[in-house]
Amino acid sequence: MNILLIGAGGREHALAWKIKQSPLCKKLFVAPGNAGVNEIAEIIPVVNYDFSDIKNICITKQIDMVVVGPEEPLVKGIYDYLKKDPSLKNLIIIGPNQNAARLEGSKAFAKDFMIRHGIPTAPYKEFSIENYNNAAKFIKNHPLPVVIKADGLAGGKGVVICDNTLEALAEMEMFMKDLKFGDAGKKIVVEKFLKGIELSVFILTDGRHYVLLPEAKDYKRVGENDTGPNTGGMGAISPVPFAGKELMKKIEEKIIIPTMEGIKKDGLDYRGFLYIGLMISDNEPYVIEYNCRLGDPETEVILPRLKNDLVELLVSLANQKLNEVKIDIDPRTVCTIVAASGGYPGSYEKGYPVIGINSLNAKESLLFHMGTAASNGDIVTNGGRVLCVSSFGKNISEAAEKSRNELKKINFKNMYYRTDIGYEFD
Ligand code: AMP
Ligand code: GLY
């Protein structure tokens with residue numbers, strides 16, 4: 001098969017690495033990719049995931065399957081756009097259609113879906129600008145802390161947790177009136193703060209059946225001991241020690257199965273990855289969010305543990321035969337640590353040469369590029385999160401230590417990484 005993978009981050013490098021291992025993959029194209037992907041696949045530039053450019057790639061490169069990495073093209077309807085072209089009617093697209101992608105693209109849609117299908121989640125209310133005064137009243141009477149979320153996509157920044165009412169009212173104003181997140185914040189969801197520990201679970205679904213992929217935990221704060229501002233994720237581990245058999249059974253029964261039933265009952269056209277962000281409170285799982293894609297850097301710990309041929313899985317998905325598949329997971333632990341540009345998630349410089357990436361211990365560690373570019377024969381930094389190293393180990397501390405040791409061999413100006421990923425499980 002000729003496969004086109006859409007995206008540019010570490011998630012896509014890990015997907016490309018995994019797809020390339022499949023004998024079913026004849027040629028792999030990645031748009032736009034990064035310098036790491038460039039070494040294993042043909043990269044094709046696209047700007048802002050332009051749909052018509054992506055369609056042209058599908059036609060000219062005779063693509064059989066499109067795998068969509070990030071949420072943005074899915075939420076904007078890449079599935080529907082490609083499907084309506086008669087010459088692409090046999091194209092397999094991994095990802096939901098635009099309506100089903102609202103599970104990620106609209107927090108209000110996702111919350112309504114959860115409540116209607118009896119899926120545990122924090123109690124909430126949604127407000128649009130017309131109900132501004134009601135929103136203010138609701139927030140004034142809400143116990144603290146209170147969580148305010150932009151309804152639409154806000155690049156992972158659209159959630160604030162407020163410890164006092166005045167701050168919450170100010171945030172509400174910035175979301176709804178000052179349009180801090182553009183149209184995404186015109187509607188807000190206000191919900192109860194859930195105390196607990198976060199866990200991410202991932203399924204691959206064909207709309208009727210699903211397979212469970214390895215769970216993961218990511219480390220969102222930029223600083224050691226989970227301090228400082230939120231990022232896209234500074235590291236991740238899989239498996240997660242507290243996600244034992246009993247908790248995972250509860251998660252399947254209370255969250256995953258009702259989610260699948262909801263997808264079927266609502267007639268959502270959902271064939272792809274679904275990432276369910278959970279809060280575990282008093283040993284009970286609650287959904288914090290759905291994402292219609294894999295996570296980054298979670299993918300960089302999940303895929304190394306997946307022993308199945310990924311393309312074979314995706315073909316089963318296209319045939320709605322995922323019930324016939326058996327998932328085979330490597331029992332070892334994988335820990336990934338992200339090396340970021342100094343300043344991230346605030347402002348940072350790009351274009352610094354990345355040194356030492358060829359000196360990795362390839363047997364036990366994998367290097368995935370995140371924000372890199374090729375420039376005159378050099379690999380240079382091209383984003384906030386630059387690269388990550390995923391290592392296998394018999395436990396978290398061993399895997400994390402291997403990743404740290406490999407990162408010591410790599411350097412770029414102002415390189416920064418957390419040295420404590422997995423710290424709470426030592
Ligand atoms: P989201 O974009 O919905 O995943 O929210 C981003 C982060 O905000 C989550 O990963 C949680 O850490 C936090 N969060 C979101 N909703 C809640 C909630 N109801 N209670 C506590 N923390 C939350
Ligand atoms: N690492 C969080 C995410 O991909 O959404």
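No experiment lies behind these values; they were computed from the predicted model shown.

Conventions and cut-offs
- Residues numbered from 1 in each chain as written.
- Chains lettered and ligands numbered in written order.
- Predicted model: local features only at pLDDT ≥ 70, side-chain atom pairs only at ≥ 80, totals over all residues.
- Heavy atoms only, no water.
- Helix = DSSP H or I, 4+ residues; strand = E, 2+ residues; numbered from the N terminus.
- Rg over C-alpha atoms; globule rule 2.2 N^0.38 Å.
- Buried < 20%, exposed > 50% of the residue type's maximum accessible area, 1.4 Å probe, protein only.
- Contact = heavy atoms within 4.5 Å.
- Lys, Arg positive; Asp, Glu negative; His and termini not counted.
- Charge placed at Lys NZ, Arg CZ, Asp CG, Glu CD.
- Salt bridge = Lys/Arg side-chain N within 4 Å of Asp/Glu carboxyl O.
- Phe/Tyr/Trp six-rings, centres within 6.5 Å; stacked < 30°, edge-to-face > 60°.
- Lys NZ or Arg CZ within 6 Å of the ring centre and 35° of its normal.
- Near = heavy atom within 4 Å.
- Polar contact = N/O pair within 3.5 Å; in protein donor to acceptor, adjacent residues only side chain to side chain.
- Areas by Shrake-Rupley, 256 points an atom, 1.4 Å probe, with all protein chains shown as cover.
- Nonpolar A, V, L, I, M, F, W, Y, C, P; charged D, E, K, R; others polar.
- 1 Å grid on protein atoms, 1.4 Å probe; cavity = no way out; pocket = protein on both sides within 12 Å on 5 of 7 lines; lining within 4 Å.
- Points joined across faces, edges and corners; volume = space filled by probe spheres on them.
- Pairing = 2+ DSSP bridges.
- Axes fitted to C-alpha atoms, helices over the stretch in contact; angles between N-to-C directions.

1. Regarding the overall build of the protein chain
Across its full length, the protein chain carries 13 helices and 23 strands. A compact globule built from 426 residues should have a C-alpha radius of gyration of about 22 Å, and the protein chain, at 21 Å, falls within 12% of that. In terms of overall dimensions, the protein chain has C-alpha extents of about 60 × 50 × 45 Å along its principal axes. When each of the 426 residues of the protein chain is scored for burial, the buried share is 57%. Relative to all contacts within the protein chain whose residues are 6 or more apart in sequence, the contacts with residues 24 or more apart total 69%. Each charge sign in the protein chain was given a centre, from 53 positive and 54 negative side chains, and these centres are 2 Å apart.

2. Observations regarding the pattern of salt bridges
Working definition: two side chains of opposite charge can pair if their charged atoms are close together. Per the counting criterion, the structure on display carries 30 salt bridges. Note that Asp226 is salt-bridged to Arg418, the shortest N-O span being 3.0 Å. Of this pair, Asp226 sits in the loop between β13 (221-223) and β14 (227-230) while Arg418 sits in the segment after β23 (415-416), and the two are 192 residues apart along the sequence. Using a relative accessible area of 28% as the deciding quantity, one classes Asp226 as partly exposed. One salt bridge in this structure joins Glu261 and Lys264, with 3.7 Å as the shortest N-O distance. Here Glu261 and its partner Lys264 are both found in helix α10 (residues 245-265), three residues apart, which amounts to about one turn of the helix.

3. A short note on the packing of aromatic side chains
For the structure on display, the rule yields nine aromatic pairs. With a centroid separation of 5.4 Å and 50 degrees between ring planes, the pair formed by Phe51 and Tyr81 is classed as tilted. Here Phe51 is found in helix α3 (residues 51-60), whereas its partner Tyr81 is found in helix α5 (residues 78-83), with 30 residues between them in sequence. Its relative accessible area of 22% is what places Tyr81 among the partly exposed residues. Aromatic side chains Phe175 and Phe181 sit 5.1 Å apart centroid to centroid with 80 degrees between the ring planes, which places their arrangement in the edge-to-face category. No difference in accessibility class separates Phe175 from Phe181, as the two residues are buried. The ring of Tyr219 has Lys217 lying over it, and the distance from NZ or CZ to the ring centre is 4.3 Å.

4. Description of the site of ligand 1
Around ligand 1 sit 14 residues, and of these Glu191, Lys192, Leu194, Glu198 and Glu289 come closest. For ligand 1, an oxygen atom lies 3.1 Å from a polar atom in the side chain of Lys107. Lys149 places a polar side-chain atom, nitrogen or oxygen, 3.0 Å from a nitrogen atom of ligand 1. For ligand 1, whose accessible area on its own is 470 Å², the fraction buried by protein is 89%. Elements with a contribution of two residues or more to the shell around ligand 1: β7 (146-150), β8 (159-162), β9 (187-192) and β17 (284-291). The residue makeup of the shell around ligand 1, split by class, is seven nonpolar, no polar and seven charged.

5. Things to note about empty space enclosed by the protein
Under the criterion given, the structure shown has one cavity of 30 Å³ or more. In this structure, the largest cavity spans a volume of roughly 70 Å³. Every residue lining the largest cavity is listed: Leu103, Glu104, Ser106, Lys107, Ala110, Lys111, Met114, Lys149, Glu191, Ile288, Glu289 and Tyr290. Secondary structure elements with two or more residues in the lining of the largest cavity: α6 (102-105), α7 (107-116) and β17. Residue composition of the lining of the largest cavity, grouped by class: five nonpolar, one polar and six charged.

6. Section: α7
Among the 10 residues in α7, seven count as buried, and that is most of the element. By the burial criterion, the buried members of α7 are Lys107, Ala108, Phe109, Ala110, Lys111, Phe113 and Met114. Looking at the buried side of α7, the elements it contacts are α6, β6 (124-128), β7, β9, α10 and β17. Positive backbone phi, approximately 65 degrees, marks Gly118, located one or two places after α7.

7. Examining the site of ligand 2
Every residue near ligand 2 is listed here: Asp218, Gly232, Tyr275, Arg293, Gly295, Asp296, Pro297 and Glu298. At 2.9 Å from an oxygen atom of ligand 2 is found a side-chain nitrogen or oxygen belonging to Arg293. Between an oxygen atom of ligand 2 and a main-chain N or O atom of Asp296, the distance comes to 3.0 Å. Protein burial of ligand 2: of its 200 Å² of free accessible surface, 88% is covered by the chains. For the shell around ligand 2, a count of residues per class yields two nonpolar, two polar and four charged.

8. Considering the sheet that holds β8
Taken in spatial order, the four strands make up an open sheet running β6-β9-β7-β8, and their pairing is antiparallel. At either margin of the open sheet sits one strand with a lone partner, and together these are β6 and β8. Here the average twist between neighbouring strands, direction ignored, is 20 degrees. Examined bridge by bridge, β7 and β8 share four bridges and lie antiparallel to one another. Considered in β8, the bridge of Val147 is made with Ile161. Lying over the sheet, helix α9 (residues 165-176) contacts β6, β7, β8 and β9, oriented at roughly 5 degrees with respect to β7.

9. With respect to the environment of Ile44
Within the secondary structure layout, Ile44 lies in the loop between β3 (42-43) and α3. A residue is classified by how much of its surface remains accessible, and Ile44, at 14% relative accessible area, is buried. When the C-alpha positions of Ile44 and Leu28 are compared, they lie 11 Å apart, and in sequence the two are 16 residues distant. Setting aside its immediate chain neighbours within four residues, Ile44 contacts Phe29, Val30, Ala31, Pro32, Ile57 and Lys61.

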